[in-house]
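Spelled out, the chains give:
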Amino acid sequence: MKNDKDKNTFIQRLIIKLENSTLFRPIKLLWELFLGKMKKSIRFELVVVFGVSLLVGILSFGVNNFLSYNRNGLTSYIFAFAAFIISFLIITNNTMKYIQDISKGLKEISEGKLSYRIPIKGEDELSNLANNINYMAQEIETKIQSERKAEKTKNELVTNVSHDLRTPLTSVIGYIGLAKDGKYNSPEELQEYLNIAYTKSERLKLLIDDLFEYTKLTNDGVTLDFQRVNIIEFLEQLIEELRPDFEDNKLILKNNLPEEKLYINADANKLLRVFENLFSNSIKYSYKPGTVEISLEAFSEVMIFSIKNKGDRIERENLKKIFDRFYRGDEARSSAVAGSGLGLAITKNIVELHKGRVWANCDSQDFITFYVQLPLYK
C-alpha cells in the first residue's frame, strides 16, 4: 500500500514538472484556448485529448525518426508512445483533480457538513454534477433546519399551552372544591365562587377554541372559501355590531372608511376573525377614556386597512413579536387582560393565507397602529 502511494506521488510530481516545462507548456495553452471557445463536454474532451495526444505522438515519432541515427525505428516508436502517454496525462490532469475535488466534497457532505460546497469549474458534465451535489446538500440542509424549527415550535407550543391551560384550570378546581366542601359563609359567597369558576371555564374554552383554530390555519391542508367581498360594507356591519362594546369601555370610534364600494377576494368567515381580533385588541389595550380611529386606503392593486389607538408603548424590537403565539406586551403572559394570546398569531396566518400581510407601528406619542394589506379583487 505504501509503495503504491509513493508511486502515485512520484507520477504526480513528474506530471507537474512536465506541465511547467518549456516543451509541453505550449501544448497546454493551446488546449485551454481551444476548449475555452467551445461548450465543454466530457465525451468531446476525451476525443480531443486522445486526438491531440496521438498527434503529439506522431509528431514526436517523425521528429525522432528524422534526427535518429538508428533507422530501425524502435527508438522512435518508444519516444512517440512516451510522448502520447505524457501528453494525455498532462492534458487530463486538471479534469482528474476536479474529480478528486468532487469526491472530497461528497465525503464532506456525507459526514454531515451540509454547508460545504464544491467549487464550480467550467461548463461540462462534471460542473453540472458538482452543481447538482451542491443543490442536494442545500435542500437537505434546508429540510433539516425546517424539521428542527418545527420540532422547536411544537415543544414551545406544548409548553405554552400547558401553562395557559393549567392556570385557569387550577382556579376552576379550587373554587368548585370550596363550593363542594361547603367552605363558604353565605349564599352570596357561594355565588361568587361559582361566578369565578364559570369565568375561568370560559377562558379555558376560548384558549382551546383559539388553539384549535391556530393549528388548523398552520396546517398546509387548510382551504379557504374565496368570494367577492365588499370590504367597506363588511367593515361597516362589523363596526355597528361592536359599537356597544366601545361605548361600554368609554371609547369613541372614529370611522374614516371611504364611501365608495371596494371589493377583495376573501373568505368572509376567516376575514371576520381578523378584524374582530384587531377591534377586540383596541378595546382591551386602549387607554380609557380614549379614541380608536380606523381608516382604509385603496391603491392600484391592494388596499390597506389601519386601526389606531393610544396605549402602553410597544418597543420597536417587540413590534414583530406581538404576532407570535402567546406573546403579551409585558412578555409575562399575565392574565390581567383576558385572552388566549393567540389572537394576533391567528390574524397573521389568515392574512397571509389571503396573500396579504399585517404589521404594527408605535409612534413617539404611544399611538399604536395595526395595518392589514390585502389584494384587491380583479
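Report follows, based on the coordinates.

Conventions we followed
- Within each chain, residue numbers correspond to sequence positions counted from 1 in written order.
- Predicted model: local features are reported for residues with pLDDT of at least 70 only, side-chain atom pairs are reported and counted for 80 or more only, and whole-chain, interface and lining totals are derived from all residues.
- Excluding hydrogens and water, the side-chain values take into account all heavy atoms of the structure.
- For patches, a residue must show more than 30% relative accessible area and have no salt bridge; joins then use 9 Å for like charges and 5 Å for nonpolar side chains, namely Val, Leu, Ile, Met, Phe, Trp and Tyr.
- Every accessible area reported is derived by Shrake-Rupley at a probe size of 1.4 Å, with residue values counting cover from the shown protein chains alone.
- The salt bridge criterion pairs a side-chain nitrogen of Lys or Arg with a carboxyl oxygen of Asp or Glu, the two atoms within 4 Å.
- Numbering of helices and strands runs from the N terminus; a helix is a DSSP stretch of H or I covering at least four residues, while a strand is a stretch of E covering at least two.
- We call a residue buried when its accessible area falls under 20% of the maximum for its residue type, exposed when it is over 50%, and partly exposed in between, using a 1.4 Å probe and counting protein chains only.
- Here the nonpolar core consists of buried residues drawn from Ala, Val, Leu, Ile, Met, Phe, Trp, Tyr and Cys, with membership extended through side-chain atoms lying within 4.5 Å.
- Pairs were defined over the aromatic rings of Phe, Tyr and Trp, the Trp ring being its six-membered one, requiring ring centres within 6.5 Å. Orientation was assigned from the angle between planes: stacked under 30 degrees, edge-to-face over 60, tilted for the rest.
- Sitting over a ring, as applied to charges here, requires NZ of Lys or CZ of Arg to be within 6 Å of the ring centre and within 35 degrees of the ring normal.
- Two strands make a pair as long as DSSP finds a minimum of two bridges between them.

A surface patch of nonpolar side chains, about 230 Å² in accessible area, is lined by Leu-106, Met-136 and Ile-140. Assignment of secondary structure puts Ile-140 in helix H6 (residues 125-180).

Further remarks concern the pattern of salt bridges. When their charged atoms lie close together, side chains carrying opposite charge are able to pair. Under the counting rule described, the total for this entry stands at seven salt bridges. The residue Asp-181 makes a salt bridge to Lys-180 at a minimum N-O spacing of 3.1 Å. Judged by relative accessible area, Asp-181 falls into the partly exposed class, the value being 46%. Judged by relative accessible area, which is 66%, Lys-180 ranks as exposed. Two residues, Lys-308 and Glu-293, come together in a salt bridge whose shortest N-O distance is 4.0 Å. Of this pair, Lys-308 sits in strand S5 (residues 302-310) while Glu-293 sits in strand S4 (residues 290-298), placing them 15 residues apart in sequence. Looking at Glu-293, the relative accessible area reads 23%, which means it is partly exposed.

Ranked by internal contacts, the top residues of the largest apolar core, which has 49 residues, are Ile-231, Phe-275, Phe-279 and Phe-305. Sorting elements by how many residues they give to this core places helix H8 (residues 231-248) first, with eight residues. In terms of nonpolar packing, the next biggest core, distinct from the first, is built from nine residues, Ile-102, Leu-114, Ile-118 and Ala-130 among them.

Under the counting rule described, the total for this entry stands at six aromatic pairs. Between Tyr-175 and Tyr-193, the aromatic rings sit 5.6 Å apart at their centres with planes inclined by 45°, giving tilted as the arrangement. In this pair, Tyr-175 sits in helix H6 while Tyr-193 sits in helix H7 (residues 187-217), placing the two residues 18 residues apart along the sequence. Where Phe-275 meets Phe-305, the ring centres are 4.9 Å apart and the plane angle is 85°; that geometry is what we call edge-to-face. You can see Phe-275 sitting in helix H9 (residues 268-285) and its partner Phe-305 sitting in strand S5, a full 30 residues away along the chain. Exposure class is identical for Phe-275 and Phe-305. Each is buried. Linked through ring pairs, Phe-234, Phe-246, Phe-275, Phe-279 and Phe-305 together constitute an aromatic cluster. For Lys-308, the ring lying beneath its charged end belongs to Phe-367, and the centroid distance is 5.4 Å.

With that out of the way, let us pick up the pairing of S5. Relative to S5, S4 runs antiparallel, the two sharing six bridges. Pairing of Glu-297 across the sheet is with Ile-304, part of S5. The antiparallel pairing of S4 with S5 creates a hairpin that spans three residues between the two strands. Across nine bridges, the pairing between S5 and strand S7 (residues 367-375) is antiparallel. Residue pairing in the sheet places Lys-308 in a bridge with Thr-369 of S7.

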